[in-house]
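Chains, contacts and geometry: an overview
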Amino acid sequence: MSNGTQSVTVRVARWCATHPWRAVVGWLLLVVLCLGAGTAVGTNSGTIEDFWVGEAGRAESMADSSGLTPAPTEQVLITADGGDQLDEAAATSAADDVRRRMAALPAVASVAEPAWSADRTALLVDITLRGDNETAEDDVATLLEQTAAAQAAHTDVTVEQTGSASMSNEVDESLGQNLLRTEAISLPVTFVILLVVFGTVLAAGIPILLALTAFTGAVGLYSLASWVFPDAGGAAMSVIFLLGMAVGVDYSLFYLKRIREERTHPDHSATGHLDRTAAIEAAAATSGRAVLGSGIAVVLALGGLYLADDVIFSSVATGAILVTALAVVGSLTVLPALLALLGDRIDRGFRERRRAGSGAGRGENAVWTAALRPVVRRPLVTLLVGVAVTGALAAPALTMRLGTEGAETFPDTLPSVAAYDRLTGAFPSQGPAHLVLARGDDPAAPLQSLADRTRGDALFAQDPTPEVVAADDGRTALLRLPVPFGENSAEAQRSLEHLRTELIPEAVGAGTQIAVSGDVARGADYAAHQAERLPWVIGFVSLTTLVIMFVVFRSVPLALLGVVLNLAAVLVSWGVLTLVFQGTWAESLLGFESVGFVGSRTPLMVVAILVGLSTDYQIFVVSRIREAARRGVPTQQAVVEGIAGSASVVTSAAVIMVSIFGSFLFFDRIEMKQMAVGLTVAVLFDAIVLRALVLPSVITLLGERTWWPARMRPSSAPVRR
């Protein structure tokens, strides 16, 4: 980063420290303005068309344009209470009551005749709603009320409702509750960690306050931005909170620790503690500069998510970029202002303990110095050990299998999900289905031929007999082929492949346009799309890392090392995700039921978030190493001084990151648990292996070549560490 950029951070900090009330009020006005503007315009949600991907998307476009999109349905299942034998008279009476209640609702288009399961242990009432899937989510509450009323009137049987709309609403509500619980867990844990780090309540509270205000402002800006990048059903909100807390607290932590370090350094023992304003300017010239650089790195890395060409990732990227940008602005402006306003009160009690001889900071540095000596003495051995550990943890990623969220991955603690499991057990044809769309002069004929070819095939449900539905235009037709397997199961995937590669070519001639959608096809096409876009995202974030590291340090080796270390952390994260979630050994430990795959969105999300944060740590650590080298310290010793000098603050930041990411383990959704595990493991690996072993060993081996093409000369105005 240039001296001009450095002077900007110093000038901003100086102005905020000398005009603290203006800076604080300005920040609060900015947050209120962002939130107010977002509330006024509202959030623009993505339409169903935004989620169309691949062949499945083409099929859904054909269905939509011809009026063949299946109407939303809800199912009411009647079974024996407690698994006992179902009384047919009682079940029939309950079914008739359900039909009467549902038929009277304005949102209901039709109610089917009750259908018995093959073993007559369950009775099904199928309900078709008016409108589309989006309106169904608004209307389904009235259906649930009538189902509850029917259950109250027929206590001798179990009456329960399920369906896409009811499950979607329950999953979203559960997500909101989990997010509130995560906040309730992560905020006090983060405060306790900061209290241990800083030793005073005021110093511990400021980073949390700034992170929360950045999050609040980002929520408002996200609503505004959603009119350009539509909201994908609230998926971004969890990431905004997660990343807002992580970077918001970390940036404040780095800044605060540096100020305290400047004011308590032994160099000032003869003249007293450094003036607070001078300490703020010194921190702005070092940590402030690093915050700006790392913030830009995080924003650019998150920008890679736009290359995923997916509404979910676009909304996540938008929210995450906004909260990171606000966290950087807050750290560089309102933080110096608050420190100037609070003065010595922020450290009250800390200095007394320090003068009493605690020496905690010096003790920590001594421990890290001792731990790093073997690393710099035997750098090649250390590097080989680090590479071996990385390879062992990353190897399972070669067997990673991707899948998509659906009814089988939702927590069965939700009533509608549990009802769906019982429904598909009693009525296999009510589960996933292939939706085959054909367009041509006579589209019904090839679809009927296709339906005939599936009879007797175990890869397709045999009850009821598939029916071909023709559109009014006579040129488009729809065939629904139920699948008696979970949508992410190997059998369902074989069914889709068999249909697309063998049955359709045999049954459909030239001149007929055909495409397959449905639960299985949507998931398969979405996972394939993500796998296709993944190299582009990795390439983009790697290139941005290369550029940022070079701009900050003017060093080709450090830029290349930054890319390699980031990819190492990503691969380790993927490897551990594969080990944990594709097997069953960790189910009881983490509270999940293995579905045998990693969510197709998780690897991409881990790449973007992790690369930004990993670059963040590297900038702070290498900045300390370079500062020592600029004072004329030999590279080997500069490595020890730099890492030991930054160890306390970076380790504290890593612990906070782990506590925030780890809180997402308490989510019911397995995809959020995967995010928690992937990011937590990566942060720990970065702190323990990459930062403590690989980074110092490589720099030690390179020596003065570390700074190529520049030559490390002592600064004319060296910055003390």
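Residues numbered from 1 in each chain as written. Predicted model: local features only at pLDDT ≥ 70, side-chain atom pairs only at ≥ 80, totals over all residues. Heavy atoms only, no water.

Quick word on the overall build of the protein chain
Quick reminder of the rule: Only runs of H or I of at least four residues qualify as helices and only runs of E of at least two qualify as strands under DSSP, and these elements are numbered from the N terminus. The reference for a compact globule is 2.2 Å times residues^0.38; the radius of gyration itself is calculated from the C-alpha atoms. Here, two residues are considered to be in contact whenever any of their heavy atoms come within 4.5 Å of each other. All accessible-area figures derive from a Shrake-Rupley calculation using a 1.4 Å probe, and residue coverage is judged against the displayed protein chains alone. The convention is simple: Lys and Arg are positive, Asp and Glu are negative, and His and the chain ends are not counted. By convention, the charge on Lys lies at NZ, on Arg at CZ, on Asp at CG and on Glu at CD.
Each helix and strand in the protein chain was counted, giving 23 helices and eleven strands. Relative to a compact globule of 721 residues, whose C-alpha radius of gyration would be 27 Å, the protein chain shows 30 Å and is just as compact. Each of the three principal axes of the protein chain carries a C-alpha extent, and together these read 95 × 50 × 45 Å. Residue pairs in contact within the protein chain that sit at least 24 positions apart in sequence constitute 80% of those at least 6 positions apart. When the accessible area of the protein chain is evaluated, it comes to approximately 28900 Å², of which 61% is carbon and sulfur surface. Taken as two groups, the 51 positive and 69 negative side-chain charges of the protein chain have centres that lie 21 Å from each other.

Some points on the sheet that holds strand S8 (residues 468–470)
How we decide: Each pair of strands is called paired provided DSSP finds at least two bridges between the two strands. A fitted line through C-alpha atoms represents every axis, and for helices the fit uses only the stretch in contact; the resulting angles, taken between N-to-C directions, go from 0 to 180 degrees.
Pairing within the open sheet is antiparallel, and its four strands lie in the order S8-S9-S7-S10. Every interior strand has two partners, whereas the edge strands, S8 and strand S10 (513–518), have only one. Geometrically, the sheet is characterised by an average inter-axis angle of 20 degrees between neighbouring strands, direction not taken into account. The pairing of strand S7 (residues 433–439) with S10 spans six bridges and is classified as antiparallel. In the strand pairing of S10, Val436 is matched with Val516. Contacts between helix H16 (residues 444–454) and the sheet are confined to S7, S8, strand S9 (476–482) and S10, with S9 contributing the most and set at about 10 degrees to the helix.

Section: the nonpolar core
Let me state the cut-off plainly: The nonpolar core is taken to be a set of buried Ala, Val, Leu, Ile, Met, Phe, Trp, Tyr and Cys residues, with the residues joined through side-chain atoms within 4.5 Å. Each residue gets one of three labels from its accessible area relative to the maximum for its type: buried under 20%, exposed over 50%, partly exposed in between, using a 1.4 Å probe on protein chains only.
Counting residues in each nonpolar core, the largest one holds 158 residues, and the members touching the most others are Ile206, Tyr255, Leu302 and Ile609. The leading source of residues in this core is helix H21 (residues 602–630), at 17 residues. Once you skip the residues sitting within four places of it in the chain, Leu302 turns out to touch Leu243, Ala317, Ala320, Ile321, Thr324, Ala608 and Ile609. One finds Ala95, Val98, Met102 and Leu105 within the second-largest nonpolar core, a separate group that totals 24 residues.

Re the environment of Val189
With respect to the helices and strands, Val189 occurs in helix H6 (residues 164–198). On the basis of relative accessible area, Val189 is assigned to the partly exposed category, the value being 35%. Taking the C-alpha atoms as reference points, Val189 and Ser659, separated by 470 residues in sequence, lie 7.1 Å from one another.

What to know about the packing of helix H18 (residues 519–553) against H21
Selection rule: Roughly parallel covers angles under 35 degrees, roughly antiparallel covers those over 145, roughly perpendicular covers 65 to 115, and oblique covers all other angles. By convention, the crossing between two helices is left-handed when the near helix turns anticlockwise from the far helix through less than a right angle, and right-handed when the turn is clockwise. Throughout, the ten residues Ala, Val, Leu, Ile, Met, Phe, Trp, Tyr, Cys and Pro are labelled nonpolar, Asp, Glu, Lys and Arg are labelled charged, and all others, Gly among them, are labelled polar.
Remark: H18 packs on H21, axes separated minimally by 10 Å, with the N-to-C direction vectors making an angle of 15 degrees. Relative to H21, the element H18 is oriented roughly parallel. For the crossing formed where H18 meets H21, the hand is right-handed. Within the contact between the two elements, H18 uses Gln530, Leu534, Val537, Ile538, Val541, Thr545, Ile548, Met549, Val552 and Phe553 and H21 uses Leu604, Val607, Val611, Thr615, Gln618, Ile619, Val622, Ser623 and Arg626. When its residues are assigned to classes, the contact of H18 with H21 shows 13 nonpolar, five polar and one charged.

Here's the deal with the packing of helix H19 (residues 556–581) against H21
Running from amino to carboxyl end, H19 crosses H21 at an angle of 140 degrees, the nearest separation of the two axes being 9 Å. With respect to each other, H19 and H21 are oriented oblique. Seen from above, H19 lies across H21 with right-handed handedness. Counting all contacts with H19, which are made through Leu558, Leu561, Gly562, Leu565, Asn566, Ala569, Val570, Ser573, Trp574 and Leu577, the residues of H21 involved are Thr602, Pro603, Val606, Val607, Leu610, Val611, Ser614, Thr615, Gln618 and Val622. Residues belonging to the contact of H19 with H21 are distributed by class as follows: 13 nonpolar, seven polar and no charged.

Some points on a negative patch on the surface
Put simply, the test is: A patch consists of residues exposed above 30% relative accessible area that lack any salt bridge, with like charges linked at up to 9 Å and nonpolar side chains (Val, Leu, Ile, Met, Phe, Trp, Tyr) linked at up to 5 Å. A pairing counts as a salt bridge when a side-chain nitrogen of Lys or Arg comes within 4 Å of a carboxyl oxygen of Asp or Glu.
On the surface, Glu49, Asp50, Asp64, Asp132, Glu134, Glu137, Asp138 and Asp172 cluster together into a negatively charged patch. Ranked by residues supplied to the negative patch, first place goes to helix H5 (residues 133–153) with three residues. Among the secondary structure elements, Asp138 is positioned in helix H5. A residue is classified by how much of its surface remains accessible, and Asp138, at 63% relative accessible area, is exposed.

Re the confidence of the model for the protein chain
Caution is warranted with low-pLDDT regions, since their predicted coordinates should not be read in detail. Keep this limit in mind: Confidence scores per residue from the predictor, reported as pLDDT, run from 0 to 100.
In the predicted model, the protein chain carries a mean pLDDT of 86, and the fraction of residues at 70 or more is 93%. Note that pLDDT drops below 50 for residues 356–360; the model gives that stretch one contact with residues more than four away or on any other chain. Counting interchain partners and residues more than four positions distant, the pLDDT-below-50 stretch residues 715–721 has 20 contacts.

A few points about H6
Put simply, the rule reads: Helix span, expected: 1.5 Å multiplied by one less than the number of residues in the helix.
Across its 35 residues, H6 extends 49 Å between first and last C-alpha, which sits within 8% of the 51 Å expected from 1.5 Å per residue. Immediately beyond the C-terminal end of H6, within one or two residues, lies Gly199, with a positive phi of roughly 80 degrees.

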